[in-house]
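Chain by chain, the residues run as shown.
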Amino acid sequence: MEGYHKPDEKTLQGLKDIANKLRIHSIKATCASNSGHPTSCCSAAELMSVLFFHTMRYKADDPRNAANDRFVMSKGHAAPILYAAWAEAGFVKESELLNLRKIDCDLEGHPTPKLAFVDVATGSLGQGLGAACGMAYTGKYFDKASYRVYCLLGDGECSEGSVWEAMAFASYYKLDNLVAILDINRLGQSEPAPLKHDMAAYQERCKAFGWNTYVVDGHDVEELCKALWQAERFKGKPTAIVAKTFKGKGLKGIEDMDNWHGKPMPKDRVEELLSDVNGRILAPNKPLTPELPNEDAPPVDITSIRMPSPPEYKVGDKISTRKAYGVALKKLGDGSDRVVALDGDTKNSTFSDIFRKAHPDRYIECFIAEQNMVSVAIGCATRDRTVAFASTFAAFFSRAYDQIRMGAISQSNVNLAGSHCGVSIGEDGPSQMALEDLAMFRAIPTCTVFYPSDGVSTEKAVELAANTKGICFIRTSRPDTATIYDSGEKFEVGRAKVVRQSNKDQVTVIGAGVTLHEALAAHDQLAKEGVNIRVIDPFTIKPLDAGTIVASARATGGRVITVEDHYKEGGLGEAVLSAVAEEPGIVVHRLAVSRVPQSGKPQELLDMFGITAKSIVEAVKKIVPSPSH
């Protein structure tokens, strides 16, 4: 390893001066908005100065450049100092900092990708490092580029389990292009963080998770320069820089004092505090500009990703939609080398294993850490470097709901596939049954919810998801079901399929997944008895094809039955109710899972909760008017 050369005194003084300028910007901005977290900014001032003006390589006028080093502000409440750094770098106008948190300004209370220099939204704590892992994994293994990823965490958020999921992931995959900087300023929001300034405990924890670890004085720019230089040269492990800092550093009477979290400086003290900090800045300054990156990130085009061939299923062929998902994902990966798959140790159940076997270099095993898996997938998808699909049992996405919610705020184009939905999984019992996932994903803004019912529609859903902006969720089922559609059938987001209809239909029945097949069986049984029903496959639950549903409801006397392998709350039935809410004369009867289920055979459970063909037939007969004699 080449020897370390200490920066010259003018450079070190320049970094100290920038740190104090960042403090001044943060104080002024939070005073102007009369809200924010200036003390949390002040603890990170030297960290940000050294990162942005000594260590990181990036084009200050092109923050999203693929070759730039990445920075994630995991302690999102310190957003003002991030904005200040970009103002000092020349990308943000200094005057704009005073519009912090105003309704017509993109410098929000916590960072979001409305800003070109923000890749992922943060502020729900404990999520930045997982996303940084996804970026670092992409840089090392997919882009094979030299850009590095830096993530600044607060000590308070280190109580979040998701931080340690990310720590385990990064060391397992030897992400030596990743640096986590822990801003250990001792104080949380309402009281001191649990470890306070026990730097040895932080060091031991980071080392135990397999990280190369340095403990530094977080206000000593020379120590920081050296630790970051060492991190860049350390191979085979990610680096944690555990920085001892003080909340409110540099502010007299406020530094290291409790009860200053999330409070702007008192108006009667602002001038004195600013004057004091300003007095530490020596003029003239040595101008410090970031080094430019190595232009070695390959060009990537992820627009219009297509399947190389149509589905191979023939009408009547039986396959589970979860297996069809694995087949489809592998095919999509054949079509584009930027399709990547992640799974949480369920690959032989979700069938993402089919993709792994075909494209092992583009598969990421995330193990049983669903929160981190979603964050990693979001990180992989940043800057349009990959098209990421993450899969597990649909029930287990509930554990990562906050990450999914933040993914929407991050404007992420990440695709999530949840298998084993509903009581139709059978004997495994309720802990494995996703019965609230539709409600969960319907509530996410930007989310498209696919619910395919056969192999052909599953394949089309995967292809559409790859080309759809926002979060996509694909709900897949465990049982084998018959192929309904011809391989050439066209599918669109928000467009339902009327799979059975006649001009004598008396009821519209809407089902999806296994319940669509039950509806088709009910159709055939009722037809023998002279009763015609219309059967609709919604394909996407969000957006729902309200036009087709309303037209069919009107054509069938306003009589609608929904049947779903999901709880009543928030699922298909409520989506349909919402679609017809302002239409007079339409009544929706809902068949759904009514309570916490139990183990049993799939058919027994479908019968128990009244979502089989038999139950549909009974419901139709109840609402169809008796023929007059």
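All values derive from a computational prediction rather than experimental measurement.

## Observations regarding the overall build of the protein chain
- Looking only at helices and strands, the protein chain has 21 helices and 19 strands in total.
- For the C-alpha atoms alone, the extent of the protein chain along its principal axes is close to 100 × 55 × 40 Å.
- Counting only contacts in the protein chain whose residues sit at least 6 apart along the sequence, the fraction spanning at least 24 positions is 79%.
- A total of about 24000 Å² of accessible surface is found on the protein chain, and carbon and sulfur atoms cover 49% of it.
- Across the protein chain, the 74 positively charged side chains and the 79 negatively charged ones have centroids separated by 1 Å.

## A few points about the pairing of strand β1 (residues 70-73)
- Burial along β1 is two-sided: the face carrying R70 and V72 and the face carrying F71 and M73 are both buried.
- Both β1 and strand β2 (residues 149-154) contribute to a ladder of four bridges, which runs parallel. Each bridged residue has a counterpart across the sheet, and for R70 the counterpart in β2 is V149.

## What about the domain arrangement of the protein chain?
- Along its sequence, the protein chain is carved into domain 1 (9-279), domain 2 (317-483) and domain 3 (497-623).
- Between the C-alpha centres of domain 1 and domain 3 the distance comes to 52 Å.

## What about the side chain of S74?
- Within the fold, S74 resides in the loop between β1 and α4 (79-89).
- Here G128 takes part through its backbone nitrogen, which lies 3.1 Å from a polar atom of the side chain of S74.
- For S74, the contacting residues outside a window of four places in its chain are T122, G123, L125, G126, Q127, G128, L129, C151, L152, L153 and E157.

## Concerning the packing of helix α1 (residues 9-33) against helix α3 (residues 45-55)
- Running from N to C, α1 and α3 point in directions that differ by 125°, and their axes come no closer than 8 Å. By the angle between their directions, the pair α1 and α3 is classed as oblique. Note that α1 runs across α3; the crossing there is right-handed. For the pair α1 and α3, the contacting residues are T11, L15, I18, A19, L22 and R23 in the first and A45, E46, M48, S49, V50, F53 and H54 in the second.
- Broken down by class, the residue content of the contact of α1 with α3 amounts to eight nonpolar, three polar and two charged.

## A few points about the pattern of salt bridges
- Counted under the stated rule, the structure contains 32 salt bridges.
- Notably, a salt bridge pairs K357 with D353, separated by 3.5 Å at the nearest N-O pair. Residue K357 and its partner D353 are located together in helix α12 (residues 353-358), separated by four residues, close to a single helical turn.
- By relative accessible area, which is 60% here, K357 ends up exposed.
- Here D437 and R475 are joined by a salt bridge, their closest N and O atoms 2.7 Å apart. Taken together, the residues span a long stretch of sequence, with D437 in helix α15 (residues 437-442) and R475 in strand β12 (residues 472-475) at a distance of 38 residues. Exposure class is identical for D437 and R475. Each is buried.

## Digging into the sheet that holds strand β17 (residues 540-542)
- A sheet is described by the order of its strands in space; here seven strands give the open sequence β8-β7-β9-β10-β12-β11-β17, paired in mixed fashion. Two strands close off the open sheet at either side, each with one partner strand: β8 (363-365) and β17. Recorded for the sheet is a direction-independent mean angle of 20° between the axes of neighbouring strands.
- Here strand β7 (residues 339-343) pairs with strand β9 (residues 387-393) via five bridges, running parallel. Within β9, the position partnered with A341 by the bridge is F389.
- Strand contacts of helix α13 (residues 370-381): β7, β8, β9 and β10 (415-419), with the helix running at about 165° to β9, the strand carrying the most contacts.

## A closer look at the side chain of S336
- Relative to the elements of secondary structure, S336 occurs in the loop between α10 (321-335) and β7.
- Its relative accessible area of 10% is what places S336 among the buried residues.
- From its side chain, S336 meets the backbone nitrogen of R338 in a polar contact 3.1 Å long.
- Residues within four places of S336 in sequence aside, it is in contact with I305 and R362.

## Let's talk about the UniProt feature "domain: Transketolase-like pyrimidine-binding" (unreviewed entry) in the protein chain
- Sites flagged by UniProt as "domain: Transketolase-like pyrimidine-binding" (unreviewed entry) map to residues 319-483.
- Counted over residues 319-483, helix gives 39% and strand 19%. Its end C-alpha atoms are 7 Å apart.

## Description of the packing of α3 against α4
- Where α3 contacts α4, the axes come no closer than 10 Å and their chain directions differ by 40°. Judged by the twist between their axes, the crossing of α3 over α4 is right-handed. Of α4, the residues touching α3 (which contributes A45, M48, F52 and F53) are I81, L82, A85, W86, E88 and A89.

## Describing the packing of aromatic side chains
- In total, this model carries 24 aromatic pairs according to the counting rule given.
- Summarising the aromatic geometry, the rings of F91 and F117 are spaced 6.1 Å apart at their centres and angled 90° between planes, so their arrangement reads as edge-to-face. Placement of F91 in the loop between α4 and α5 (128-142) and of F117 in the loop between α4 and α5 is noted, with a sequence separation of 26 residues between them.
- Residue F117 is classed as buried on the basis of its relative accessible area of 6%.
- Ring centres of Y137 and F169 lie 6.2 Å apart, and the angle between their planes is 45°; on these two criteria the pair is classed as tilted. A residue pair is termed long-range when its members are at least 10 positions apart, and Y137 in helix α5 and F169 in helix α6 (residues 161-172) qualify at 32 residues.
- Judged by its relative accessible area of 6%, Y137 falls in the buried class.
- Every member of this aromatic cluster is reached through a ring pair, and the members are F52, Y58, F71, Y83, W86, F91 and F117.
- Positioned over the ring face of Y147 is R70, at 3.7 Å from the centre of the ring.
- Its end group placed over the ring of F491, K497 keeps NZ or CZ at 4.8 Å from the ring centre.

## Some thoughts on helix α16 (residues 455-466)
- Over its twelve residues, α16 runs 17 Å from end to end, which matches the ideal 16 Å to within 8%, given 1.5 Å per residue.
- With respect to burial, α16 is a largely interior element, eleven of its twelve residues being buried.
- Within the span of α16, buried status applies to G455, V456, S457, T458, E459, K460, A461, V462, E463, A465 and A466.
- Looking at the buried positions of α16, the neighbouring elements they touch are β6 (318-320), α10, β9, β10, β11 (448-450) and β12.
- For α16, the side-chain oxygen to backbone nitrogen distance between the N-cap and V456 is 3.3 Å, and the N-cap itself is D454.

## Considering the nonpolar core
- Judged by nonpolar contacts, the single largest core of 81 residues is most densely connected at L129, L178, L342 and L416.
- Here this core gets eight residues from one element, more than from any other, and that element is α5.
- In contact with L129, not counting residues within four places along its chain, are S74, C151, L153, V163, A166, M167, L178, A180 and W211.
- Listed in part, the 61 residues of the second largest apolar core include A328, L435, A461 and V593.

## Remarks on helix α9 (residues 270-278)
- By the burial criterion, the buried members of α9 are V270, L273, L274 and V277. Down the axis of α9, the smallest arc covering the buried residues is 95°, so these residues share one side.
- Its buried side turned inward, α9 meets α1.

Calculation rules
Residues numbered from 1 in each chain as written. Predicted model: local features only at pLDDT ≥ 70, side-chain atom pairs only at ≥ 80, totals over all residues. Heavy atoms only, no water. Helix = DSSP H or I, 4+ residues; strand = E, 2+ residues; numbered from the N terminus. Contact = heavy atoms within 4.5 Å. Areas by Shrake-Rupley, 256 points an atom, 1.4 Å probe, with all protein chains shown as cover. Lys, Arg positive; Asp, Glu negative; His and termini not counted. Charge placed at Lys NZ, Arg CZ, Asp CG, Glu CD. Buried < 20%, exposed > 50% of the residue type's maximum accessible area, 1.4 Å probe, protein only. Pairing = 2+ DSSP bridges. Domains from an automatic or database assignment. Polar contact = N/O pair within 3.5 Å; in protein donor to acceptor, adjacent residues only side chain to side chain. Axes fitted to C-alpha atoms, helices over the stretch in contact; angles between N-to-C directions. Parallel < 35°, antiparallel > 145°, perpendicular 65-115°, else oblique. Left-handed = near helix turned anticlockwise from the far one by under 90°. Nonpolar A, V, L, I, M, F, W, Y, C, P; charged D, E, K, R; others polar. Salt bridge = Lys/Arg side-chain N within 4 Å of Asp/Glu carboxyl O. UniProt positions renumbered as here; feature names shortened; annotations may be inferred. Phe/Tyr/Trp six-rings, centres within 6.5 Å; stacked < 30°, edge-to-face > 60°. Lys NZ or Arg CZ within 6 Å of the ring centre and 35° of its normal. Expected span 1.5 Å × (residues − 1). Core = buried A, V, L, I, M, F, W, Y, C linked by side-chain atoms within 4.5 Å. Arc of directions from axis to C-beta.

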